[in-house]
Amino acid sequence: MTQLSRRTVLLGTAGAGLGLPLLSAAPASAAPAGFPTYRYVRNAFDKTKLKYEPARSEVIFPCIRGTAGRVPNALGRYYLYYAPHEAPGGICLSYSDSLEGPFIEYPNNPIVARTWSPYYNVSHVSSPYVLWNESAQEMWLYYHGENTTTRLARSKDGIHFTYDKVVLSTSMMPAGTTETSYAKVFEHELPAKGSKYVMVFMINTTANRRSIGWGRSVDGRTWVFSPNSLIRPEEVGSVNIGAPTVVHRNNSTYVIYHQDKASGGRMLITEVGNDFTKRNHLGVFHNPLAGAPDNGRCAAASFGTMDGKEYMFYEAGERLAGAIAIARAV
C-alpha cells in the first residue's frame, strides 16, 4: 500500500460534528507531536459507475457522518455526503457499514438540488458539510450555491431536508468580497464571546487571492463574521488556500486547509488555539500522492473513527476531476 504523506490530526467519532482524525505519512519527525500517520486505503466508490450523471466526472468535499444513535432505520452505519461542483452540482449521499467502504450510492440523488422552490434557483449547489446538532437532534447541512452564498437545511434522517435560511453571503463581508464558499461549522465554544459554534470558509476578493475566513454563532443559524482573514495565502507560501476544517488535539485547536496545485497541492495546518487568537503555521499537514488517485493534489479533509481506528476522507486529484479517497491511520 502506498503511503500518503505527512500530517494528521484529531479526535472524535465519525459524525461527531467536531473536528475528527486525520491523514499523513512522511517521516514521523516531520509531523507535529501527537499527529498520526495515515495511508491510502481505497476510493470510497467508483465515480464512473454512479447513477447520478453529473457526479461521474468529478466529486468534491466529502463529509463523513455516523448514524448510530442519531438516525432511526439508517441505510448504513455511515453516511458520506459529497457533490460535483460544476453546474448543476447537487448534494449527494452514499452509505456504508464500514469507513473502509465501499460506499453504496443513494438511488435518488441529488438529495438537494440547484432549484428549491420558493427559496432559490441557482446554477449549482455544492460543498456539503453536515453537522450533527445535538441540541436539535438533527443533521444540519451547510452548502453553497452560488459561490457567494452559503445556506442551511435541516433533517431528522439525514436524507430528507427542510430548508432553513442563508447563513453566509458576500453581502455580510467587507466590500470587495466576491466569494464566500466551502463553509464548515463545528461545535466550539468561545466563552469570551458567548458563542457555541465556529464556521470556517474560503474568501475571494477583487484581488483574486483566496484566504480562510471565520465566524462565530450562538445557535449555528445567526453569525458574526470577522472582517479579517483567519489565514492568508501569503503567510503560508501559497497563491490560494481553501477548504478549511477545524480539528482539536492536545488541548489546542487547529485549522487544516489546502493550497493551490501550483503552490504544491498539499494540505497545510495552522494552530489557532482554543480562542482562535494564535497563528502558528506548522507547515505541511499532508502531501499528495504523485500518482493516482491524488495526482499531485489533495484537499477537503473529513475525519472519522471506527472501532478505535482513525480515518480520513479527502478529495483526491485535479480540480474538476476529483474522486473521494479514504486513508487510515497506521
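This text gives an overview of the structure that appears in the document. What you see is a predicted model, and the numbers here were worked out from it, not measured in a lab.

Comments concerning the overall build of the protein chain
Stage number 1. Check the secondary structure of the protein chain and you find zero helices and 23 strands.
Stage number 2. In the protein chain, of all internal contacts separated by at least 6 residues, the share reaching a separation of at least 24 is 51%.
Stage number 3. Surface accessibility of the protein chain: about 12200 Å² in total, with carbon and sulfur atoms responsible for 50%.

Let's talk about the environment of Arg151
Stage number 1. Following the sequence through the fold, Arg151 ends up in strand S11 (residues 149-155).
Stage number 2. Of the polar contacts made by the side chain of Arg151, one reaches the side chain of Tyr163; its length is 3.2 Å.

A word on the sheet that holds S11
Stage number 1. In spatial order, the strands read S9-S10-S11-S12; together these four strands make up an open sheet with antiparallel pairing. Looking at which strands have only one partner, the edges of the open sheet turn out to be strand S9 (126-133) and strand S12 (162-169). The sheet shows a mean angle of 25 degrees between the axes of neighbouring strands, direction not considered.
Stage number 2. Pairing of S9 with strand S10 (residues 138-144) involves six bridges; the strand directions are antiparallel. Its bridge partner lying in S10, Trp132 is registered against Met139.

Comments concerning the pairing of strand S4 (residues 78-83)
Stage number 1. Within S4, six of the six residues are buried, which leaves the element mostly enclosed by the surrounding structure.
Stage number 2. Side chains Tyr78, Leu80 and Tyr82 project from S4 onto one buried face, and the interleaved Tyr79, Tyr81 and Ala83 project onto a second face that is buried too.
Stage number 3. One ladder, built from five bridges, connects strand S3 (residues 60-66) with S4; its direction is antiparallel. Along S4, the bridge assignment pairs Cys63 with Tyr81.
Stage number 4. Here S4 runs beside strand S5 (residues 92-96); their pairing, made up of five bridges, is antiparallel. Its bridge partner lying in S5, Tyr78 is registered against Ser96.

Some remarks on the sheet that holds S3
Stage number 1. Strand order in this open sheet of four strands is S3-S4-S5-S6, and the pairing throughout is antiparallel. Edge positions in the sheet fall to S3 and strand S6 (104-105), since each of these pairs with one other strand and no more.

Overview of the side chain of Asp260
Stage number 1. Mapped onto the elements of the fold, Asp260 is located in the loop between strand S18 (252-259) and strand S19 (267-271).
Stage number 2. As a buried residue without a salt bridge, Asp260 has its nearest oppositely charged side chain in Arg209, at a separation of 7.3 Å.
Stage number 3. Ignoring sequence-local partners within four residues, the contact set of Asp260 consists of Ser238, Val239, Asn240 and Gly265.

Thoughts on the pairing of S18
Stage number 1. Of all eight residues that make up S18, eight are buried, and the element is covered over most of its length.
Stage number 2. Alternating positions in S18 separate into two faces, Ser252, Tyr254, Ile256 and His258 on one and Thr253, Val255, Tyr257 and Gln259 on the other, with burial throughout.
Stage number 3. As defined by bridge partners, strand S17 (residues 241-249) adjoins S18 across seven bridges and the pair is classed as antiparallel. When the bridges of S18 are listed, His248 appears paired with Thr253.
Stage number 4. The hairpin formed by S17 and S18 contains two residues between the paired strands, and Asn250 there has a positive phi angle of roughly 50 degrees.
Stage number 5. Bridging between S18 and S19 involves five bridges; their strand directions are antiparallel. Residue pairing across strands places Ile256 opposite Ile269, the latter belonging to S19.

Considerations on the pattern of salt bridges
Stage number 1. All chains considered together, the criterion is met by twelve salt bridges.
Stage number 2. The salt bridge partner of Arg328 is Glu100, with a shortest N-O separation of 2.5 Å. In this pair, Arg328 is assigned in strand S23 (residues 323-329) and Glu100 in the loop between S5 and S6, connecting sequence segments 228 residues apart.
Stage number 3. Where salt bridges share partners, they join Glu138, Arg154, Lys156, Asp164 and Arg221 into one cluster.

Things to note about the packing of aromatic side chains
The description of two aromatic rings rests on the distance between their centres and on the angle between their planes.
Stage number 1. In the structure shown here, the tally under the stated rule is 14 aromatic pairs.
Stage number 2. Ring centres 6.3 Å apart and planes at 70 degrees place the aromatic pair Trp116 and Tyr120 in the edge-to-face group. Here Trp116 matches Tyr120 in class, with each residue buried.
Stage number 3. Between Phe201 and Phe225 the ring centres are 5.7 Å apart and the planes differ by 90 degrees, which places this aromatic pair in the edge-to-face class. Of this pair, Phe201 sits in strand S14 (residues 195-205) while Phe225 sits in strand S16 (residues 223-225), and the two are 24 residues apart along the sequence.
Stage number 4. Judged by relative accessible area, Phe201 falls into the buried class, the value being 0%.
Stage number 5. On the accessibility criterion, Phe225 (13% relative accessible area) is buried.

Comments concerning the environment of Ala136
Stage number 1. Inspection of the secondary structure assignment puts Ala136 in the loop between S9 and S10.
Stage number 2. Along the primary structure Ala136 and Ser155 are separated by 19 residues, whereas in three dimensions their C-alpha atoms are 9.9 Å apart.
Stage number 3. Once residues lying within four places of it in the same chain are set aside, the contact partners of Ala136 are Arg154 and Lys156.

What counts, and at which threshold
- Residues numbered from 1 in each chain as written.
- Predicted model: local features only at pLDDT ≥ 70, side-chain atom pairs only at ≥ 80, totals over all residues.
- Heavy atoms only, no water.
- Helix = DSSP H or I, 4+ residues; strand = E, 2+ residues; numbered from the N terminus.
- Contact = heavy atoms within 4.5 Å.
- Areas by Shrake-Rupley, 256 points an atom, 1.4 Å probe, with all protein chains shown as cover.
- Polar contact = N/O pair within 3.5 Å; in protein donor to acceptor, adjacent residues only side chain to side chain.
- Pairing = 2+ DSSP bridges.
- Axes fitted to C-alpha atoms, helices over the stretch in contact; angles between N-to-C directions.
- Buried < 20%, exposed > 50% of the residue type's maximum accessible area, 1.4 Å probe, protein only.
- Lys, Arg positive; Asp, Glu negative; His and termini not counted.
- Salt bridge = Lys/Arg side-chain N within 4 Å of Asp/Glu carboxyl O.
- Phe/Tyr/Trp six-rings, centres within 6.5 Å; stacked < 30°, edge-to-face > 60°.

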